[in-house]
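Coordinate analysis (summary)
Here is how the chains run, residue by residue.
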Amino acid sequence: MRNRGRTAFIITYLAPAVLIYAVFVIWPVLQAFGFSMFKWSGLSQNKKFVGFDNFKQLFHDKIFWVSLLHNAWIFLFGGSIILLVGLGIAHAMQGEGKFTKALRSVYLFPNIMSLVVVAVLWQFIYNPRMGLLNSFIELFGKQKQRFDMLGTPGTALPGVIITFIWYAAGFYIMLFAAGIRQIPEEVVEASKLDGAQGFVRFKKITLPLLWSVGRISLVYLVINTLNVFALVFLMTTGGPDRKTEVMLTYLYEQAFVNSDYGAATALAVANFVIVMAVSGLILRITRKNPVGEVR
Amino acid sequence: MKSKRSVFDRCIDGIKASLTFAFVAAFTLSVVLPLLWMTLTSVKASPEIFASPWGLPKTPHWENFSNAWKSAGIAHYFANSLIVTTATLVILIPIGAMAAYIFARYPFKGSKLLFGTFLGGMVFPQFLVIVPLFALMSSTHLLDTKIGLTVVYIAYSLPFTIFVLTGFFQTLPKDLDEAAIIDGCSHSRTFWQVMFPLAKPGLIVVGIFNGIGLWNEYSLALVLANSEQNKTLPLGIANLAMVMHYSGDWGALFAGLVIVMIPVLIVYWIFREKIHQTMLAGAIKG
């Protein structure tokens, strides 16, 4: 008797969440895989099944490979600097000084700001007519021509990467800081007694114990750098001359400028598969802690 | 001998300490300076902005803020953001809490799988679904409506909400709801009158966290609600930046940026401890 009430209760209480989630999340996810097999332009009803043609086309699409390469640069350069800064700042932030306390309250600011604010702010920092960057360069002497970071093909991508680091670093600092806090006091004390100092202690104790946090951070970096969109879209729209094009800005162009929905969805699926494959690979490679589990 | 070494050691320690300090100081400045510059620029007149990026204005031009608010249309975008964010939270939190309560207290066959399906939503990229979602919204006439955007926001905020609240309900002592049931309360009265109020700290965290994310959200709004009438604050500011990039009232644009940022910073400042804990829990489990 009580059991019947229980089942009805479970169903009614799950129903709203499950319905909304199924219709607006699960269903579109399933459709995405289907859509990528159709030639479908504009919001017309004429979809034509073309199998893997969209993927074949994507494979021969130079712009796609260029975008993927830019994502890879953001991951490699942005990611490694973020890891270094994250680790360093998290390590330095452990003390109780006034300064470290102040740091602890501001380091996450960029990460909670809207990407729109971040992108527009940095566009103006790089602005050749009035930005901070040029005033900084002028400290070292007057230049003939003001430097246009985002407008110059060679420096546009580095400009975007710097902004990405500025925006994202806080999150990784937070992860590492939490990891360091989990290191048992006794281990640190014992290492001090053994004479392990500064960098040695950092290398022998802190780093190995942060292995699992490091893995998580790497996976987040893969996801976040292969899925960069708003920052690039707002700062450069992929320009100049596609020098900052990334997968998702190209996807947006294919879908909502060229109305080539089939191609865009194929790109979305490819992006998803790449993210999954790279994350899986990283988790596999780093499965074994070289120093051994210290739990 | 011993004292000699310790002098040397102290010297090394001193160098290390100053290097660490320099590194931390450089980092802190790089975080804070752009934000200070933005705030400073928001109270300068256009000629002053061009004259020198760090020059102080003769008098603070507060009218930049009223210009942004009125002439640049920020008030309208602000209202849209407020409507969509509030509506999302008001619906999201009860239905998220209801589902989370079931996952925490009423396990059934397949409940783990269902919970896992919800959690999966925390990791996959939104752009995977952007085209099908666009088509779905278009065929249901929800495209470019505040209702449509709200429903999508609810759907995509559910995974995180359910994840956090399930964890929260699991920490509440079981005796409470069991006692209520034995006293003859129905399952739903037990939920609404005992458990839901007890979960208030968890609900607040989830509300703040989703609130900040929704307030800042750009990509979904760009695709799903991009008309002047329905633009949210991030879209409005992005549009303003594009229009004003080459000519126009830059002081007002910077004032607009400050207007977007201020509510988030205030909320963050008040709840920063809780926000850290929640971000960590979400990051490490997800």
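Refer to the structure above for everything that follows.
I will try to describe carefully the structure that is included in this document. Because the structure is predicted, anything quoted here is derived from the model rather than measured. (Residues numbered from 1 in each chain as written. Chains lettered and ligands numbered in written order. Predicted model: local features only at pLDDT ≥ 70, side-chain atom pairs only at ≥ 80, totals over all residues.)

Moving on, we come to the overall build of chain A. Within chain A one finds 14 helices and two strands. Radius of gyration (C-alpha) of chain A: 24 Å, far over the 19 Å computed for a compact globule of 295 residues. Its C-alpha atoms put chain A at 85 × 75 × 35 Å along the principal axes. Looking at the 295 residues of chain A, the share that counts as buried comes to 42%. Taking all contacts inside chain A whose residues are at least 6 apart in sequence as the whole, residues at least 24 apart take part in 70%. (Helix = DSSP H or I, 4+ residues; strand = E, 2+ residues; numbered from the N terminus. Rg over C-alpha atoms; globule rule 2.2 N^0.38 Å. Buried ≥ 20, exposed ≤ 12 C-beta atoms within 10 Å, placed from the backbone. Contact = placed C-beta atoms within 7 Å.)

Of all hydrophobic cores here, the largest spans 168 residues; its most connected members are Leu231 and Ala268 of chain A. Looking at this core, the element that brings in the most residues is helix 8 (residues 153-182) of chain A, giving 17 residues. (Core = buried A, V, L, I, M, F, W, Y, C linked by C-beta atoms within 7 Å.)

On to the interface of chain A and chain B. Between chain A and chain B, the residue contacts involve 64 residues of the former and 67 residues of the latter. Top element by residues in the side of chain A that touches chain B is helix 1 (residues 2-35) of chain A. It accounts for 17 residues. When grouped by side-chain class, the residues that make up the side of chain A that touches chain B number 51 nonpolar, 11 polar and two charged. (Nonpolar A, V, L, I, M, F, W, Y, C, P; charged D, E, K, R; others polar.)

Another aspect to go through is the environment of tryptophan 215 of chain B. Residues and elements named next belong to chain B. Relative to the elements of secondary structure, tryptophan 215 occurs in helix 10 (residues 200-216). Note: C-alpha distance between tryptophan 215 and isoleucine 237 (22 residues apart in sequence) is 12 Å. Beyond its immediate chain neighbours, meaning those up to four positions away, tryptophan 215 contacts Ser81, Thr85, Pro263 and Val264.

Let us look at unusual backbone geometry. Positive phi, normally seen in glycine, also occurs at threonine 237 of chain A, with a value near 50 degrees. Under the C-beta neighbour-count criterion, threonine 237 of chain A is labelled partly exposed, with 15 such atoms within 10 Å. One non-glycine residue, histidine 141 of chain B, lies in the positive phi region at around 60 degrees. Secondary-structure assignment places histidine 141 of chain B in the loop between helix 6 (130-139) and helix 7 (146-171).

Attention now moves to the packing of helix 7 of chain B against helix 10 of chain B. Residue and element names in this part refer to chain B. Between helix 7 and helix 10, the least distance of the axes is 10 Å, while the angle of their chain directions is 150 degrees. With respect to each other, helix 7 and helix 10 are oriented roughly antiparallel. Seen from above, helix 7 lies across helix 10 with right-handed handedness. When helix 7 is examined against helix 10, the residues Tyr153, Ser157, Thr161, Val164, Leu165 and Phe168 are found in contact with a partner set consisting of Gly202, Val205, Val206, Asn210 and Leu214. Residues that form the contact of helix 7 with helix 10 fall into these classes: seven nonpolar, four polar and no charged. (Axes fitted to C-alpha atoms, helices over the stretch in contact; angles between N-to-C directions. Parallel < 35°, antiparallel > 145°, perpendicular 65-115°, else oblique. Left-handed = near helix turned anticlockwise from the far one by under 90°.)

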